[in-house]
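Coordinates in review
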Amino acid sequence: MSWSSISARDVAPQRWKNNGGWTRELLAWPHSNDWTLRISVADIEADGPFSAFECVQRWFGVLSGEGVRLAGMDRRGGDGLLSFDGAQAPDCQLINGPTRDFNLMHRRGRGRMQVFRAEQAWPAHGQLVALFTAEGGTLTHGGRPMPLAPLSLAWCESPVAQALQFEGEGEAWWMVWSESA
């Protein structure tokens, strides 16, 4: 039981097939070629539809920039995460220029995914617990502090059932995956 972390700033961006932006994959778990969860930071540079992902639930949040109009709704930084069916491939238009965004994808039928703001302490549970922070901060588990840089993801498989707490500024989300649905 140890925590791993990665910052999007340390990941080489990968160009999208449609040339509309870049992705920095932070985690594809448990395997990159057959993932149950995929967490990334994306830079959207041009209008266009999202890629379709059948049998995938997606969460999307604007981290910086003026925002996007996604599936007819304006989404801006601070709005939290929008969850939607990945098969829908909604159309996306930029609002006054490029954005940087958070993306979480979960394959349906492979366990249960819970996502919520990191505003309070709570007991660790689940087979995988992760925290994403836009601005950085400190994750504390069992009294042990772990500093996180901006645009960082920290995760732990089968964490010890001790209190988890995050202190930091800006958007931050807990993600908890359990085998049972």
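Let us look at the structure shown here. Note that the coordinates shown come from a computational prediction; the quantities given were computed from them, not determined experimentally.

The next point concerns the packing of aromatic side chains. Applying the stated criterion across every chain yields a total of 7 aromatic pairs. Ring plane angle 65 degrees and centroid distance 5.0 Å describe the contact between Trp 29 and Trp 177, whose orientation is recorded as edge-to-face. Linking Trp 29 in strand S3 (residues 21–29) with Trp 177 in strand S19 (residues 172–178), this pair joins segments that are 148 residues apart in sequence. A single burial state applies to Trp 29 and to Trp 177, both of which are buried. Note that Arg 107 overlies the ring of Trp 35, its terminal NZ or CZ placed 3.9 Å from the centroid.

Okay, the pattern of salt bridges next. Should their charged atoms come close, side chains of opposite charge can pair. Under the definition given, this model contains 8 salt bridges. Asp 43 serves as the salt-bridge partner of Arg 100, at 2.7 Å between the closest nitrogen and oxygen. Here Arg 100 is found in strand S11 (residues 99–107), whereas its partner Asp 43 is found in strand S4 (residues 37–44), with 57 residues between them in sequence. On the basis of relative accessibility, which here comes to 25%, the residue Arg 100 falls in the partly exposed class. Residues participating in the shared-partner salt-bridge network are Arg 24, Asp 43 and Arg 100.

On to the nonpolar core. Among the nonpolar cores identified, the biggest contains 23 residues, and Leu 26, Ile 39, Leu 63, Phe 102, Phe 132, Leu 153 and Met 175 are the most heavily contacted of them. When residues of this core are traced back to their parent elements, those giving at least two are S3, S4, strand S6 (56–64), S11, strand S14 (128–133), strand S17 (152–157) and S19. Every residue in contact with Ile 39, bar those within four places of it in the chain, is listed here: Glu 25, Leu 26, Leu 27, Phe 102, Asn 103, Leu 104, Leu 153 and Met 175. With 14 residues, the next largest nonpolar core counts Trp 3, Cys 156, Trp 174 and Val 176 among its residues.

Taken in spatial order, the 5 strands line up as S1-S17-S14-S19-S12 in an open sheet, and their pairing is antiparallel. Looking at which strands have only one partner, the edges of the open sheet turn out to be strand S1 (4–7) and strand S12 (112–117). Averaged over all pairs of adjacent strands, the angle between strand axes in this sheet comes to 15 degrees, irrespective of strand direction. Sheet topology note: the S14/S19 ladder contains 6 bridges and is antiparallel. In the strand pairing of S19, Ala 130 is matched with Met 175.

As a further point, take the environment of Leu 37. Mapping Leu 37 onto the fold places it in strand S4. Spatially, the C-alpha atom of Leu 37 lies 8.6 Å from that of Trp 177, the residues being 140 residues apart in sequence. Not counting residues within four places of it along the chain, the set of residues in contact with Leu 37 comprises Leu 27, Ala 28, Trp 29, Met 105, His 106, Met 113, Leu 128 and Trp 177.

Turning next to the sheet that holds S3. Read across the sheet, 6 strands follow the order S2-S3-S4-S11-S6-S9 without closing on themselves; strand pairing throughout is antiparallel. Of all strands in the sheet, those bounded by a partner on one side alone are strand S2 (14–15) and strand S9 (82–85). Here S3 runs beside S4; their pairing, made up of 8 bridges, is antiparallel. In the sheet register, Leu 27 faces S4, and the bridge partner there is Ile 39.

Now for the environment of Glu 167. Residue position: Glu 167 is located in strand S18 (residues 163–168). Exposure remark for Glu 167: the relative accessible area of 53% places this residue in the exposed category. Taking the C-alpha atoms as reference points, Glu 167 and Thr 133, separated by 34 residues in sequence, lie 9.8 Å from one another. Leave out the neighbours within four places in its chain, and Glu 167 touches Gly 137 and Thr 138. Within the local environment of Glu 167, its side chain forms a polar contact with the side chain of Gln 165, the two groups lying 3.2 Å apart.

What counts, and at which threshold
Residues numbered from 1 in each chain as written. Predicted model: local features only at pLDDT ≥ 70, side-chain atom pairs only at ≥ 80, totals over all residues. Heavy atoms only, no water. Phe/Tyr/Trp six-rings, centres within 6.5 Å; stacked < 30°, edge-to-face > 60°. Helix = DSSP H or I, 4+ residues; strand = E, 2+ residues; numbered from the N terminus. Buried < 20%, exposed > 50% of the residue type's maximum accessible area, 1.4 Å probe, protein only. Lys NZ or Arg CZ within 6 Å of the ring centre and 35° of its normal. Salt bridge = Lys/Arg side-chain N within 4 Å of Asp/Glu carboxyl O. Core = buried A, V, L, I, M, F, W, Y, C linked by side-chain atoms within 4.5 Å. Contact = heavy atoms within 4.5 Å. Pairing = 2+ DSSP bridges. Axes fitted to C-alpha atoms, helices over the stretch in contact; angles between N-to-C directions. Polar contact = N/O pair within 3.5 Å; in protein donor to acceptor, adjacent residues only side chain to side chain.

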